[in-house]
Amino acid sequence: MPAYAILGAQWGDEGKGKIIDYLSQRANIVARFSGGNNAGHTVINDMGDFSLHLVPCGVFSKSVTNVIGNGVVVDPDVLIEEMQALEKAGIDISQSLMVSERAHLIMPYHVMLDTLAENRRGKQAIGTTGKGIGPAYSDKTLRTGIRAADILDLENLKVRLESVLPYTNAILEKIYAVEPVTTESILEKAADWKNRLGSYIKPVGRYVNDVLDDDGTVVLEGAQGILLDLDHGTYPFVTSSSPTIGGAITGLAIQPRHITSVLGIFKAYNTRVGSGPFPTELFDDVGESIRTVAREFGTTTGRPRRIGWFDGVLARYSNRVNGYTSAVVTRLDVLDHIDSIKVCVGYKLGTDILDEPPGGVAALEKCSPIYETLEGWDIPTAGISDLSNLPTNARVYIDRLENLIGCPIDIISTGPHRDQTIMVKDILTP
Ligand code: IMP
């Protein structure tokens, strides 16, 4: 004990990277539990500006072991590239990285299938990141996946590929009319992966639980956000994993009793990348100005993010599903230039007023937000690290969000750097 779960409380891109980097200064382990290199976690600290896709955000703290859990899908080429880039920046992770032997691998054909499927969906496209995430998780569920442990035994991998590739190739050839992949080409790549990554592939479940049993501190690094969750998100416009608290448990095989804190990371407004319903989306100059001021473009794909007001209905739902012990509000400073700020406090669907989003995507598309308008603040919040210095109207805004989410806001982020953080409560001290 203890484990701190850091969860995306909206549609991802909430600023989890900064918070994980901040908390990892006092952690023994930082462990990713879901998603893959569809994620892009931005960390800005004394060592520079970094954008991490697979390697956990604890790499900047020397005493931290960084774990990629069984729930993550790993593109070995991307992992190797990211490790090399970190090495170039003077960050040696050779002794501090572990990859679960049970993690599934994103194979070259998964990346092909992701793009082929999206093109085929046409107007119904999900707007995936094109990194092979969905096809890799599909193979996992179909029991035709390849796991990290499989590349440690190339003889066995050959047998496995001979069993799974005929199915994949039938899809490639018969549905998409493209060239099949050969066992040899994959085996050649796997031999290289084994060379470069073999020593990192380990039974991490036991390791993480042993550290927790010895009273170590573990930060569970979420990727994406609850509204992209396969079960609890805006299906089918979701990712293929579980960025929720349940995913943290299955994606690392840790015991729930170890989780002492569940932190929901919220942006002070909402953003979304890709298709799907977004009730509070802004299509006006205000949205455009937030996008420009906050540089709201995808870390992984560079796509402009869709922008909207803070959605209190989705925030309350997010808290209901994940049960936050603390909320964190990031990017408050982005709203510094806005005179009047809207907050969604309910939905109207026909003649009904809803305080919880409907499960069906068609109904959610039809919901219109009920807004409350709050006055902006005259003194900028950017860089403030002391709660008492926050302008009154910003306090009023934070209090309203707290009330809508239904749990205390214990951390407020007012800029990208570690010291631009208001610790309302020191959550690391029990
Ligand atoms: P996939 O995860 O690449 O399959 O994409 C499915 C949906 O999740 C798309 O709408 C993506 O834009 C979205 N998505 C995936 N990862 C992230 C993320 O890290 N931040 C924000 N959106 C994401």
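Relevant structure appears above.
Residues numbered from 1 in each chain as written. Predicted model: local features only at pLDDT ≥ 70, side-chain atom pairs only at ≥ 80, totals over all residues. Heavy atoms only, no water.

(A) How the structure looks around empty space enclosed by the protein. Under the counting rule described, the total for this entry stands at one cavity of 30 Å³ or more. Along its surface, the largest cavity is lined by Val74, Leu79, Val99, Leu105, Ile151, Leu197 and Ile201. Here the lining of the largest cavity is composed, by residue class, of seven nonpolar, no polar and no charged. Split by domain, the lining of the largest cavity shows at least three residues from each of two domains, domain 1 (3-100 + 201-261) and domain 2 (104-197). (1 Å grid on protein atoms, 1.4 Å probe; cavity = no way out; pocket = protein on both sides within 12 Å on 5 of 7 lines; lining within 4 Å. Points joined across faces, edges and corners; volume = space filled by probe spheres on them. Nonpolar A, V, L, I, M, F, W, Y, C, P; charged D, E, K, R; others polar. Domains from an automatic or database assignment.)

(B) Representation of the environment of Ala394 in the model. Structurally, Ala394 can be placed in helix 12 (residues 392-405). Given a relative accessible area of 0%, Ala394 falls into the buried group. In sequence terms Ala394 and Asp336 are 58 residues apart; their C-alpha atoms lie 8.9 Å from each other. Aside from chain neighbours lying at most four places away, what touches Ala394 is Leu332, Trp377 and Thr381. (Helix = DSSP H or I, 4+ residues; strand = E, 2+ residues; numbered from the N terminus. Buried < 20%, exposed > 50% of the residue type's maximum accessible area, 1.4 Å probe, protein only. Contact = heavy atoms within 4.5 Å.)

(C) Expanded view of unusual backbone geometry. The omega angle of the peptide bond from Tyr235 to Pro236 is 10°, so this bond is cis rather than trans. One can find Pro236 in the loop between strand 10 (218-221) and helix 8 (245-250). Within the chain, Arg331 stands out as a residue other than glycine whose phi angle is a positive 60°. Mapped onto the secondary structure, Arg331 falls in the loop between strand 15 (326-330) and strand 16 (340-349). The exposure class of Arg331 is partly exposed, given its relative accessible area of 27%.

(D) Local environment of the site of the ligand. Near the ligand there are 15 residues, and of these Asp13, Asn38, Thr129, Thr239 and Arg303 occur at the shortest range. Within the backbone of Val273, one N or O atom sits 3.1 Å away from an oxygen atom of the ligand. In the environment of the ligand, an oxygen atom lies 3.0 Å from a nitrogen or oxygen atom belonging to the side chain of Arg303. Calculation on the ligand without its partners gives an accessible area of 470 Å², and the protein chains cover 96% of this total. (Near = heavy atom within 4 Å. Polar contact = N/O pair within 3.5 Å; in protein donor to acceptor, adjacent residues only side chain to side chain. Areas by Shrake-Rupley, 256 points an atom, 1.4 Å probe, with all protein chains shown as cover.)

(E) Structural detail: the sheet that holds strand 2 (residues 29-32). Spatially, 9-7-5-2-10-1-11-15-19-20 is the arrangement adopted by the ten strands of the open sheet, whose pairing is mixed. Edge positions in the sheet fall to strand 9 (201-202) and strand 20 (421-423), since each of these pairs with one other strand and no more. The sheet contact formed by strand 11 (residues 259-267) and strand 15 spans five bridges and is parallel. Within strand 15, the residue paired with Phe266 across the bridge is Val329. Against the sheet, helix 12 makes contact with strand 11, strand 15 and strand 19 (409-413), and its axis sits at roughly 130° relative to strand 19, the strand it touches most. (Pairing = 2+ DSSP bridges. Axes fitted to C-alpha atoms, helices over the stretch in contact; angles between N-to-C directions.)

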